[in-house]
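Analysis of the macromolecular model
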Amino acid sequence: MYADPPAPQPMRPGESPPATPGANPLDPQPRAWEFNPEYQRLVTAWQTVLPLLENITTALDKAYRQARSPQTWEAPVGERYVEDIAAWRSRLALYRQAVLTAISDEAADTPRWIPSKAGAPHAFS
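Here we summarise the structure given alongside this text. Predicted, not measured: the structure shown is a model, and the values here were computed from it.

1. As for the overall build of the chain
- Broken down by element type, the chain carries two helices and two strands.
- The helix and strand sequence of the chain, counted from the amino end, reads β-α-α-β.
- Counting all 125 residues of the chain, 23% fall into the buried class.
- In the chain, of all internal contacts separated by at least 6 residues, the share reaching a separation of at least 24 is 87%.

In structure tokens:
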């Protein structure tokens, strides 16, 4: 079984935007920040997908445990069904790893905070 990659973290209560190191003293207004909506989209995707994958994994694990029970199958053909369920569990683990890694990798490349357009100085209009 694979370990899940790091999840994108939602904005915590009281979290503040990054400090602007070396801000230009000639800037007429300080830079305003907002939580990146693209990053929030990834947080929402993770929080939506993870419970669904957990439900599917739980259902397959339960079916696998029941299929391996000697009381379930009396015919030799039962072993084939156990192997099929085991293959599905393996495929699901790979799928889960791929989906969660894709979300995690994109979140790692997406900034949490972006400069806000509100209150930004405009060039001559």
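2. Here we look at helix H2 (residues 78–108)
- In a regular helix each residue adds 1.5 Å, so 31 residues correspond to 45 Å; H2 covers 45 Å between its end C-alpha atoms and thus fits that length.
- Within the sequence span of H2, burial applies to Gly78, Val82, Ile85, Leu92, Ala93, Arg96, Val99, Leu100, Ile103, Ser104 and Ala107.

3. Overview of helix H1 (residues 37–68)
- With 32 residues, H1 extends 46 Å between its outermost C-alpha atoms, agreeing within 8% with the 46 Å of an ideal straight helix rising 1.5 Å per residue.
- Contacts from the buried residues of H1 go to strand E1 (33–35) and H2.
- Where H1 begins, the capping side chain belongs to Asn36, and its oxygen is found 3.0 Å from the backbone nitrogen of Glu38.

4. Focus: the packing of aromatic side chains
- On inspection of all chains with the given rule, the structure shows two aromatic pairs.
- On the numbers, 5.8 Å between centres and 90° between planes, the contact of Phe35 with Tyr39 is edge-to-face. With respect to burial, Phe35 and Tyr39 carry one shared label: buried.
- Each ring, one from Phe35 and one from Trp113, has its centre 5.5 Å from the other, and the planes form 85°; the classification is edge-to-face. Taken as a pair, Phe35 in strand E1 and Trp113 in strand E2 (residues 113–115) lie far apart in primary sequence, 78 residues in all.
- For Phe35, a relative accessible area of 14% corresponds to the buried category.
- Ring-pair connections join several aromatic residues into one group, and the members of that group are Phe35, Tyr39 and Trp113.
- The aromatic ring of Tyr81 is capped on one face by Arg80, whose charged end is 5.1 Å from the ring centroid.
- The ring of Trp88 has Arg91 lying over it, and the distance from NZ or CZ to the ring centre is 5.1 Å.

Calculation notes
The numbers attached to residues start from 1 for each chain and follow its sequence in the written order. Per-residue local features of the predicted model are confined to residues with pLDDT of at least 70, and side-chain atom pairs are confined, for both listing and counting, to 80 or more; whole-chain, interface and lining totals are unaffected and use all residues. Side-chain numbers here rest on the full set of heavy atoms in the structure, without hydrogens or water. Helix and strand definitions here come from DSSP, where helices need a minimum of 4 consecutive H or I residues and strands a minimum of 2 consecutive E residues; each element is numbered from the N-terminal end. When a residue's accessible area, from a 1.4 Å probe over protein chains only, is under 20% of the maximum for its type it is buried; when over 50% it is exposed; and in between it is partly exposed. Any pair of residues with heavy atoms lying within 4.5 Å of one another is described as a contacting pair. An expected span of 1.5 Å times one less than the residue number is assigned to each helix. Under the rule applied, a polar contact is a pair of N or O atoms within 3.5 Å (in protein, one hydrogen donor and one hydrogen acceptor; residues adjacent in sequence only if both atoms are side-chain atoms). Only Phe, Tyr and Trp rings take part, Trp by its six-membered ring, and two of them pair if their centres are within 6.5 Å. Stacked means planes under 30 degrees apart, edge-to-face means over 60, and tilted covers everything else. We call a charge positioned above a ring when the Lys NZ or Arg CZ atom is no farther than 6 Å from the ring centre and deviates by at most 35 degrees from the ring normal.

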